[in-house]
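# Coordinate analysis (summary)
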Amino acid sequence: MLLLVVSIGLAVSIGSAGLSLSDVWGILIYKITGIHLFGDWSDSDVAIVVQIRLSRVILAVLVGACLATAGTGFQGVLRNPLADPYTLGVASGSSVGAAFIIFFGLQSLLGLWTIPLVAFVTGALTLFAVFALARSKGAMAIETLILAGVIIQSFLGAFVSFMVSMSEGVVNQILYWLMGSLALRSWDHVYMLIPFLIVGVPLIAFYAHRLNLFAFGERHAAHLGVNVERTKLIVLIGSTLLTAAAVSVSGVIGFVGLVVPHLLRLLVGPDYRRIIPLSAIGGGIFVLWADTVARIALSPREIQLGIVTALVGAPFFALLLYRHKLGGKGDV
Amino acid sequence: MIEAKQVSLAIDHSTVVNQMTFTFSKPGMYGIIGPNGAGKTSLLRLMSGAAQPSSGKILLHGKPIGGYPRKTLARTMAVLQQGGLPPVGFSVRDTVAMGRFAYQGWFGDEREDPTPLIESALSRMGLTELQHRPLDRLSGGERQRAALAQIMVQNPLIMLLDEPTTYLDIGYQLQLLETVHAWQRERGMIVVAVLHDLNLASLYCDQLLVMKDGSLYASGKPRDVITKGLVRDVYHADAEVIYTEEGGTPQIVLHRAGRLLKEPFPSDRIQFMQPIGR
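What counts, and at which threshold
Residues numbered from 1 in each chain as written. Chains lettered and ligands numbered in written order. Predicted model: local features only at pLDDT ≥ 70, side-chain atom pairs only at ≥ 80, totals over all residues. Heavy atoms only, no water. Helix = DSSP H or I, 4+ residues; strand = E, 2+ residues; numbered from the N terminus. Buried < 20%, exposed > 50% of the residue type's maximum accessible area, 1.4 Å probe, protein only. Contact = heavy atoms within 4.5 Å. Areas by Shrake-Rupley, 256 points an atom, 1.4 Å probe, with all protein chains shown as cover. Expected span 1.5 Å × (residues − 1). Buried area = accessible area lost by both parts, 1.4 Å probe. Polar contact = N/O pair within 3.5 Å; in protein donor to acceptor, adjacent residues only side chain to side chain. Nonpolar A, V, L, I, M, F, W, Y, C, P; charged D, E, K, R; others polar. Axes fitted to C-alpha atoms, helices over the stretch in contact; angles between N-to-C directions. Parallel < 35°, antiparallel > 145°, perpendicular 65-115°, else oblique. Patch = residues over 30% accessible without salt bridge, like charges linked within 9 Å, V, L, I, M, F, W, Y side chains within 5 Å. Salt bridge = Lys/Arg side-chain N within 4 Å of Asp/Glu carboxyl O. Pairing = 2+ DSSP bridges. Core = buried A, V, L, I, M, F, W, Y, C linked by side-chain atoms within 4.5 Å. Phe/Tyr/Trp six-rings, centres within 6.5 Å; stacked < 30°, edge-to-face > 60°. Lys NZ or Arg CZ within 6 Å of the ring centre and 35° of its normal.

Take the overall build of chain A next. Across its full length, chain A holds 14 helices and 0 strands. In chain A, the succession of helices and strands from N to C terminus is α-α-α-α-α-α-α-α-α-α-α-α-α-α. Each of the 332 residues in chain A was classed as buried or not, and the buried ones make up 56%. Expressed as a percentage of contacts within chain A between residues at least 6 apart in sequence, the contacts between residues at least 24 apart total 74%. As presented, chain A carries roughly 14,300 Å² of accessible surface, and 70% of it is formed by carbon and sulfur atoms.

Here it is as C-alpha cells:
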C-alpha cells in the first residue's frame, strides 16, 4: 500500500512537459488543500498535472488492479498457473465488443457503461468458446486451454484490426487496441472504471477462501462443502467483468494478470485471502510503472503500454511454462 | 444411515455399477473389495454424491443424497479420494484447518475455536512435527496422513475412504487403519472403505461387500466371505486361506499365478510402455 502511494507520487512527478518537482507538488497540494504552498506555475501547468498526468496515473493503477485481480481469479478457479485475461483470450474478446461499439458509434445506447457492458458480453462469450474448444471428455489440460486461448485471441485480433482499418482511424489506433495504451484518457474513464472495481474485487475476494480449497481439486473442494459450480460461475463472471472494464479504457494489455499473482505467491504463499487484495494493489503498481516507462522511455514519443508489459510478461510466461514442464511444483 | 436402492451408473453406454442394493445402518467398518474395474470407485462416487445415478437412488438418512446442499452434506459425510491430496503450497496445518470449511460462516469465522480439534487431528496422524511444512515437500504417505487429518476435523458421521492405504508401507497401512478403526469406534461412525488388500480388509472390517463387474457378488462378515473359492472366482487367483488364532480372521496366502489363468495378460488391460525419445 505504501509502495503504491510512493509510486503514484513519483509517477505524477515524471513526465515530458518539463515541470519541476516543486511545481508538480505545489499544484497537487494547492488542488487538494487549497493552499498555495510553494512553486510558480501557470494555468496550463495545472491542466497538465491534474487533467492529463494525475488522471492517467490513477487510471493506470485502476486498470492494473482490474487485470491482476481478474488474473488471480482465473488462475484460482481454473487451477491453471498460466491463465490470465490475455492468455485466455478474454481480453481480446472484450476488445472486439468495445471496438465494435466505438467504430459503429453506438456509445450512446446505454450511456457511459455501454462499452464495458458490451465488452463483458463478448468477453464472456469468448471465454465460453475457449472452454468449449479446450474441453475434451470433461477435463481441460493446462496447455490445451492456453492454446485454445491463443487461437481465439489471434482470430479476434484480426477482427479488431479489420474493423479499425475499415474505419477512418489511423494505423496507430489498431496498435492502440491490440497493444493497449493509456494515452489521451481522462477522468471520465476513471469514473467509469471505479464501479467495476468496487464490485469486482470484493466479489472475488469474498470467494478467496473457497479458491484455497479449489487448489486440492474441484471434487475434493465439493466434499469439503464448497458449492463448486456456483463458485466457478461467480469468480469467472467477476474476473471477466474486471477484464472487460479494463479493456474498455485501455485496450488489450497483456500478462499483468499473470506476472502479479505469481510474484505475490512467491512473496506471501498460496493463500488467496492474501493474494487477491494484494493483487489489486500490486497490479496497480505494476501497470503504473509500465505506463510510466511507456511515457518517458522515448519521450516525447510514447511506446504502447502493452509492449512494455509484454516485454516483461512474455519471458515470465515462458519461465512458468518451463517450470510447469519440469513438474510444476508449487505453481498452483 | 446410508442406503443404495437398485442403484446403477452408466458411463458412455457401459454400465459400471449395476442395480446395487444395500444398507449401512449401524456404526461399523464396511469394506468394499473386488478386482480392478469392478466399479468400486464408481460406487463410492455415487455414495458421496459426486456422481448422479443413471437409475435407482442413494439415500442418506432417508433423503436422496442429491437433495442435500454441499455444506450440509460435508458436515455429515467426509470423503477421502483415491490418490489423496495434490502437492500444493499450503502448510500441513493450513490444509488440515481447511477441513473446517463446512462449519465456517461467510467470512471464515466459527462459533467455537477449532484449534484443539486441529491439534488433536495433527497429533493423532503423527503430523505435529511436520505441521508447518508445505504439502509439496511431503512424501506421498505423509500427504495421505494429512488428507486423513483434514477429514478428521470435518467431524463426520459417515466416512468414505477410497483406497486409503495406497502410498503407504505395511507399517503405516496398519497404523492408518488402526487409527481409523479406533476413531470409528469412539465416534460411532459408519466407515466405508474401498480396499485392495484382502488381508487388511478382513483384519479391520466388520462387513465386506464384494463387487464384480459392477454388481454385488457377495457380502457378509470377513470369515464368511473370504474363501478360497471367492478368491478364485473373483480375482482368478490361487490362494490358501488361513485363520489367525484370535477371532478367526481369515488371511490369504498366495500361490504363483498361472494355473487358473487362461489369459494371463488380458490384452485390453495391459499396455506396454513404449520408449519415448528425449
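All right, on to helix α11 (residues 228–250) of chain A then. An ideal rise of 1.5 Å per residue puts 33 Å on 23 residues; α11 of chain A measures up with 33 Å between its terminal C-alpha atoms. A positive backbone phi angle near 75° is found at G251 of chain A, which sits one or two residues after α11 of chain A.

Counting residues at the interface gives 27 residues for chain B, matched by 19 residues for chain A. Summing both partners gives a buried area of about 2,300 Å² for chain B against chain A, and 65% of it is carried by carbon and sulfur. Remark: the boundary between chain B and chain A carries 3 residue pairs in polar contact (both at pLDDT 80 or more). Counting residues per element, the ones that place at least two in the side of chain B that touches chain A are α1 (40–48), α2 (70–76) and β6 (77–80) of chain B. With 3 residues, α2 of chain B is the single largest residue contributor to the side of chain B that touches chain A. In terms of residue class, the side of chain B that touches chain A is built from 14 nonpolar, 9 polar and 4 charged.

Another aspect to go through is the side chain of Q154 of chain B. Along the chain, Q154 of chain B falls in the loop between α5 (140–152) and β7 (158–162). Leave out the neighbours within four places in its chain, and Q154 of chain B touches H223 and L224 of chain A together with A74, R75, M77, A78, G99 and Y103 of chain B.

Below, the discussion takes up the packing of α5 of chain B against helix α6 (residues 170–187) of chain B. Two measures define how a pair of helices packs: the angle their axes make with one another and the distance between the axes. All names here are of chain B. At a minimum axis separation of 12 Å, α5 and α6 run at an interaxial angle of 5°. The angle between α5 and α6 falls in the class roughly parallel. Listed contacts from α6 to R145, L148, I151 and M152 of α5 are Y172, L176, T179, V180 and W183. Grouping the amino acids of the contact of α5 with α6 by side-chain chemistry returns 7 nonpolar, 1 polar and 1 charged.

All names here are of chain A. Together, V6, L10 and W289 make up an exposed nonpolar region whose accessible area comes to about 250 Å². Position of L10 among the secondary structure elements: in helix α1 (residues 2–13). Judged by relative accessible area, L10 falls into the partly exposed class, the value being 42%.

Residues and elements named next belong to chain B. If you walk across this open sheet you meet the 6 strands as β6-β7-β8-β3-β9-β10, and the pairing is mixed. Bordering the open sheet on either side are β6 and β10 (215–220), each of which pairs with just one other strand. Sheet twist, expressed as the average angle between the axes of neighbouring strands with direction ignored, equals 15°. Pairing of strand β3 (residues 28–33) with strand β9 (residues 207–212), which is carried by 4 bridges, proceeds in the parallel orientation. In the strand pairing of β9, G31 is matched with L208. Sitting on the sheet, α5 touches β6 and β7, and the angle it makes with β6 is about 175°. Across the sheet, helix α9 (residues 228–235) is in contact with β3, β9 and β10; its angle to β9 comes to roughly 35°.

This paragraph deals with the nonpolar core. Counting residues in each nonpolar core, the largest one holds 151 residues, and the members touching the most others are V63 of chain A together with L161 of chain B. A total of 18 residues in this core trace back to one element, the largest contributor, which is helix α3 (residues 43–78) of chain A. Once residues within four sequence positions are removed from consideration, V63 of chain A is found in contact with L182, L193, A246, V249, S250 and I253 of chain A. With 30 residues, the next largest nonpolar core counts A4, I65, Y68 and L209 of chain B among its residues.

Let's shift gears to the packing of aromatic side chains. With the rule as written, the count across this model stands at 8 aromatic pairs over all chains. For the ring pair F155 of chain A and F159 of chain A, a centre distance of 5.5 Å and an interplane angle of 80° mean the geometry is edge-to-face. Remark: F159 of chain A and F155 of chain A occur in helix α6 (residues 142–166); sequence separation between them is 4 residues, near one turn of the helix. According to the relative accessible area criterion, F159 of chain A is partly exposed, its value standing at 40%. Ring centres of F206 of chain A and Y207 of chain A lie 6.1 Å apart, and the angle between their planes is 75°; this geometry places the pair in the edge-to-face category. Owing to a relative accessible area of 29%, F206 of chain A belongs among the partly exposed residues under this scheme. Relative accessible area serves as the criterion here: at 5%, Y207 of chain A is assigned to the buried category. An aromatic cluster is built from Y86, F255 and F317 of chain A, whose rings are joined through pairwise contacts. In this arrangement the basic side chain of K71 of chain B is found over the ring face of F101 of chain B, its NZ or CZ atom lying 4.8 Å from the centre. The ring centre of Y103 of chain B lies 4.1 Å from the NZ or CZ of R100 of chain B, which sits over that ring.

Functional significance is not addressed by these values, which are geometric in nature.
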